[in-house]
Structures are given as C-alpha cells and as structure tokens.
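Breakdown of the fold
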Amino acid sequence: MSEAAEAAPARADCVADSAGGLTFHIADWARPTPGGHDDWSGALVLIRRGRRDAPDGEVRLPLGPTADGGLQAALPSTVALPEGRWDVHVAYRDAEPRRLAPGLNDLRSLVDRRPGPSTSPLSVRIPYATKHGNLSLRSWRRAPHAEAGEIRLEDDTMAVRGRLYRVAYPSEWLADAVVEARCRGGEAPVRTAPLEVDGPDFSFTLSYAELARTWGGDADVWDLWLRPADRTMAPARLARILDDVADKKEIFTYPPRTVAGRRGEALARPYYTGDNDLAVRIEALV
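Residues numbered from 1 in each chain as written. Predicted model: local features only at pLDDT ≥ 70, side-chain atom pairs only at ≥ 80, totals over all residues. Heavy atoms only, no water.

**A word on the overall build of the protein chain**
Summing up its helical and strand segments, the protein chain has 3 helices and 22 strands in all. For the protein chain, the C-alpha atoms occupy an extent of roughly 75 × 45 × 35 Å along the three principal directions. Out of the 286 residues in the protein chain, the part that is buried amounts to 45%. Of the contacts formed within the protein chain by residues at least 6 apart in sequence, a portion of 64% connects residues at least 24 apart. Put simply, the protein chain shows about 14,400 Å² of open surface, and 48% of that area lies on carbon and sulfur atoms. Mean positive and mean negative side-chain charge positions of the protein chain (38 and 42 charges, respectively) differ by 2 Å. (Helix = DSSP H or I, 4+ residues; strand = E, 2+ residues; numbered from the N terminus. Buried < 20%, exposed > 50% of the residue type's maximum accessible area, 1.4 Å probe, protein only. Contact = heavy atoms within 4.5 Å. Areas by Shrake-Rupley, 256 points an atom, 1.4 Å probe, with all protein chains shown as cover. Lys, Arg positive; Asp, Glu negative; His and termini not counted. Charge placed at Lys NZ, Arg CZ, Asp CG, Glu CD.)

Structure follows, in structure tokens:
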C-alpha cells in the first residue's frame, strides 16, 4: 500500500432514521489485527468542537463488524448529544482517534420530518462535510421547539408559519402566546406580536418598522422566540432544523426591505443564524 493510500482517511456512510438516530458504516478502513482476524477493538469517536475537555465533550460508540466486511456504529436518538458541532473520528484500542471523511449520506427520512407527540427533548443530528473534507455532525436538542416554515415578505412586514413540538398540549401552550423579538446585546425593549393558532400550528406577522424604531445606526439582530402566557413555562426558540440541511444561513436567503428607522432609512431582512435559528437583521443602507 502506498503512503498516499495509508494517509487517506476512511470514509463513513451515514443513514438517518425518522426518530433522529444515525447509523455509520465504514467500508474501507483496514483495522489492525495484531492477534488474529477477530482480535480488534474499535470505536467511532464524536468530539464536540471547542469542548473536548468538557465532561460531555466526547462520545464513543462501539464499532461492530458487518456482513460485507465493514464496520458499523449506531447513534440512536436516545443518546443525549448536546447541541453543537461534533467532529467524527475512528479509533482502534488506545490509539489517537483519526478523522473520518464523508461518504454517502441517506438523509431521506429527515426531509419534511414530522416528529410524533412527546415531551422529551427533540434530537436532530445532520451529518455534513467540512470545508477541509472531513465528516462532522450538527446536533440540536430542544424542548419545546418551534419549527419555522414558510416566510412570506411584504413591503414592511414578514409573515411566518410554523409548528410547535415537544410540549404535552400544543394548542393550550400556544393559547394567548406571543412571538417575542429580542434585540441581541442591546437595551431595546422586547417587541411582541400576537399568534394565530390552529392546533400545534401557528402564524404571525412582524413589523420591520417596529423593530427599526430604536435602531441607532449599527446593525441590530433580533432573535425570535415564542413566549407562552404562563411565564413559568420555558419559551421556544424559532428555528428550522427538521430537514437535511445542516447550515441554512447561505442557502435560505431573503431579500432585504427598506424601512424607516430612528436614524433614517435602514435595511431589514430575516435570516437563519449559524445555529439555524430565525432572526431579523436591521442595518444601514449600503
């Protein structure tokens, strides 16, 4: 075997299930066999980016042989994987874990996913290829969760439809709830708008002019939440995570609208953050 072949990382195929679990299949990793054909001990190692030394910064999943001579590991939805980005490695015994490259992904079960009723945290894991050609996972774990759907833009408003998950009685949770826009890092008051509710589904219209009323000239980012009438219950962050797109910021884009603000005209537009949370940005005209 050439040095180039030895240096090439093994590839892992990923199959997602509708519950939020993932199965990894490694077909091209030549595992060491120091004591014979069956003498091996391997693990798929997930390392949380930037948090490896934290108590929950590493997860090891046992690798087992498959009928085609490869190796397989399962990450069921019941394994609590904290939110963040996880780099995927393979390790043999006590050797230092090595990065895996992405293979084929079967993520069909994630498209238009509709989780069933439950109050347990919603687990979402989406594998993706990094800019360096390595395999990583984006993980979310949320309860309650407000999934953003269609966003319709008018001249100075945005209308959003969505669905609430992971509460015992969604229609009761949503009764008299409001959408809250919270200005990130600023002292602007929270802006609210009423919801229209149909069972677990909701919709609202948010005024850009209302958000720009306190705009001071720098960029303002407004994070969007659903706040139940009962303030003892946790709010739900508006996000879009129930599909197969790990990073939506550059894919789901919306045109800006010109809006009158306290310091003159500004641009307003909704966007998805690096965590796929829904926000609105108010900034100066270019």
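Text resumes after the structure shown.
**Describing unusual backbone geometry**
The omega torsion across A143 and P144 is -5 degrees, close enough to zero to call that bond cis. With respect to the helices, strands and loops of the structure, P144 is situated in the loop between β11 (135-142) and β12 (145-153). The phi dihedral of R166 is positive, around 65 degrees, even though this residue is not glycine. Residue placement: R166 occurs in the loop between β13 (157-165) and α2 (170-174). With a relative accessible area of 15%, R166 lands in the buried category.

**Regarding the confidence of the model for the protein chain**
Averaged over all residues, the pLDDT of the protein chain equals 90, while 93% of them reach at least 70. Here residues 1-5 is a poorly scored stretch, pLDDT under 50, and it has 1 contact once near neighbours within four places are set aside; other chains count. (pLDDT = per-residue confidence, 0-100.)

**Concerning the pattern of salt bridges**
In total, this model carries 23 salt bridges according to the counting rule given. A salt bridge links R182 to E180; the shortest N-O distance between them is 3.1 Å. Its salt-bridge partner being D243, residue K248 comes within 2.8 Å of it at the nearest N-O pair. Residue classification places D243 among the buried residues on the basis of a relative accessible area of 9%. (Salt bridge = Lys/Arg side-chain N within 4 Å of Asp/Glu carboxyl O.)

**What to know about the nonpolar core**
Membership of the largest hydrophobic core comes to 36 residues, with the highest contact counts inside it found for M158, L226 and L238. Tallying contributions element by element places β12 first for this core, with 4 residues. When residues no more than four places from it in sequence are discounted, the contact partners of L238 are A146, A148, V179, F202, F204, L224, W225, L226, D277 and L278. The next biggest cluster of nonpolar side chains, apart from the first, holds 34 residues, and it includes I26, L44, L63 and L75. (Core = buried A, V, L, I, M, F, W, Y, C linked by side-chain atoms within 4.5 Å.)

**Topic: the pairing of β12**
Note: β12 against β13, 7 bridges, orientation antiparallel. Opposite A146, over in β13, you have L164 as the bridge partner. Between the end of β12 and the start of β13, which pair antiparallel, lie 3 residues. Note: β12 against strand β19 (residues 236-239), 2 bridges, orientation parallel. The residue of β19 that forms the bridge with A146 is L238. (Pairing = 2+ DSSP bridges.)

**A few points about the sheet that holds strand β6 (residues 71-75)**
Taken in spatial order, the 5 strands make up an open sheet running β5-β6-β2-β1-β9, and their pairing is mixed. Two strands in the sheet have a free side with no partner beyond their single neighbour: β5 (64-65) and β9 (101-106). Note that strand β2 (residues 22-26) and β6 share 5 bridges and pair antiparallel. Across the sheet, residue T23 finds its bridge partner in β6, namely A74.

**Some words on the side chain of T157**
Looking at the element boundaries, T157 is found in strand β13. Beyond its immediate stretch of four places on either side in the chain, T157 contacts R152, T205, L206, S207 and Y208.

**As for the side chain of D277**
Along the polypeptide, D277 turns up in the loop between β21 (264-272) and β22 (278-284). A relative accessible area of 8% places D277 in the buried class. With residues near it in sequence (within four places) discarded, D277 still touches R142, R237, L238, A239, Y271 and Y272.

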